Each structure stands twice: as C-alpha cells, then as structure tokens.
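# Analysis of the macromolecular model
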Amino acid sequence: MLGTTAGADVIARDVADGDVFAELDALLAERAAEPPAELAGLFCGGYIGYFGYELKALTGGAVAHQAPTPDALWIWANRFVVIDHDQNLTYLITLGNNKEWLDRTEKTASN
C-alpha cells in the first residue's frame, strides 16, 4: 500500500509484500540528499517510522501473530530539526524549497 497524506510520502508494508529492508534501502538510495556541511556524515534526513516484530520472519524468525497495523511504516521527512547537544547548536533543515516553514519555525523557536 502506498499513499500520500498532506504532501508527505507515507509507505506501509507487510511481511507478505517482500523484503521491506531491501525496499527501504532502494528508496533511500533514490532520494539521497546532501546534508549541510556541518552535518555531513552525521545526519541527512530520510524516512522515519517503525519496523514491527512481525518482520523477524525476514531475519529467520517465525511470525507468532498477525498485527492489525502494518509490519513497517515510513514517512519521508522533508523538513526537520537537528539538535547538536555537544556543540549546543540547533539546525532547521528542509529538503527542497520550503522557506515559509523555515521562517515560521525559526520565529516559533525564538519565542
């Protein structure tokens, strides 16, 4: 099942759909983004979501029950906040041209 909600990509998969780990790897390769220089090698955004316990069937385990929720679900994060506690810095990042979100978030964070 693949859907779009509020402009964000939402992908839900079940064990029966195949190797969801390989699928996520391919999706990440397609959408690879260049992070800001300060975050290179540390964080570049991507998909957020979860892997359910049922996915153990793809790693040699047995599926014990059928969950009412998808076995895996990912949402493409095209804007996010990165907090570097070591350097005491906060980054507002958008993948694409979303100046309105950057301005609104910076204003909210400053209050």
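Let us look at the structure shown here. (Residues numbered from 1 in each chain as written. Predicted model: local features only at pLDDT ≥ 70, side-chain atom pairs only at ≥ 80, totals over all residues. Heavy atoms only, no water.)

Looking only at helices and strands, the protein features 2 helices and 6 strands. The globule rule puts the C-alpha radius of gyration for 111 residues at 13 Å, and the 17 Å found for the protein is more than 25% above it. Summarising its shape, the C-alpha atoms of the protein cover approximately 50 × 30 × 25 Å along the three principal directions. Considering the protein as a whole, with its 111 residues, one finds that 23% of them fall into the buried category. The contacts in the protein between residues at least 6 apart in sequence include a share of 47% that link residues at least 24 apart. When the accessible area of the protein is evaluated, it comes to approximately 7800 Å², of which 54% is carbon and sulfur surface. Of the charged side chains in the protein, 7 are positive and 16 negative, and the gap between their average positions amounts to 9 Å. (Helix = DSSP H or I, 4+ residues; strand = E, 2+ residues; numbered from the N terminus. Rg over C-alpha atoms; globule rule 2.2 N^0.38 Å. Buried < 20%, exposed > 50% of the residue type's maximum accessible area, 1.4 Å probe, protein only. Contact = heavy atoms within 4.5 Å. Areas by Shrake-Rupley, 256 points an atom, 1.4 Å probe, with all protein chains shown as cover. Lys, Arg positive; Asp, Glu negative; His and termini not counted. Charge placed at Lys NZ, Arg CZ, Asp CG, Glu CD.)

Taken together, the side chains of F21, F51 and L58 define a hydrophobic patch exposed on the protein surface, amounting to about 250 Å² of accessible area. Considering the arrangement of structural elements, one finds F51 in strand β3 (residues 46-51). (Patch = residues over 30% accessible without salt bridge, like charges linked within 9 Å, V, L, I, M, F, W, Y side chains within 5 Å. Salt bridge = Lys/Arg side-chain N within 4 Å of Asp/Glu carboxyl O.)

As a further point, take the pattern of salt bridges. Enumeration according to the criterion identifies 3 salt bridges in this entry. Residues R13 and E23 are paired through a salt bridge, measuring 2.7 Å at the closest nitrogen-oxygen approach. On the criterion of sequence distance, the pair formed by R13 in strand β2 (residues 8-13) and E23 in helix α1 (residues 20-30) is long-range, its members being 10 residues apart. Here E100 ties to R104 by a salt bridge, and the two come within 3.3 Å at their closest N and O atoms. With E100 and R104 both in helix α2 (residues 99-110) and 4 residues apart, this pair spans about one turn of that helix.

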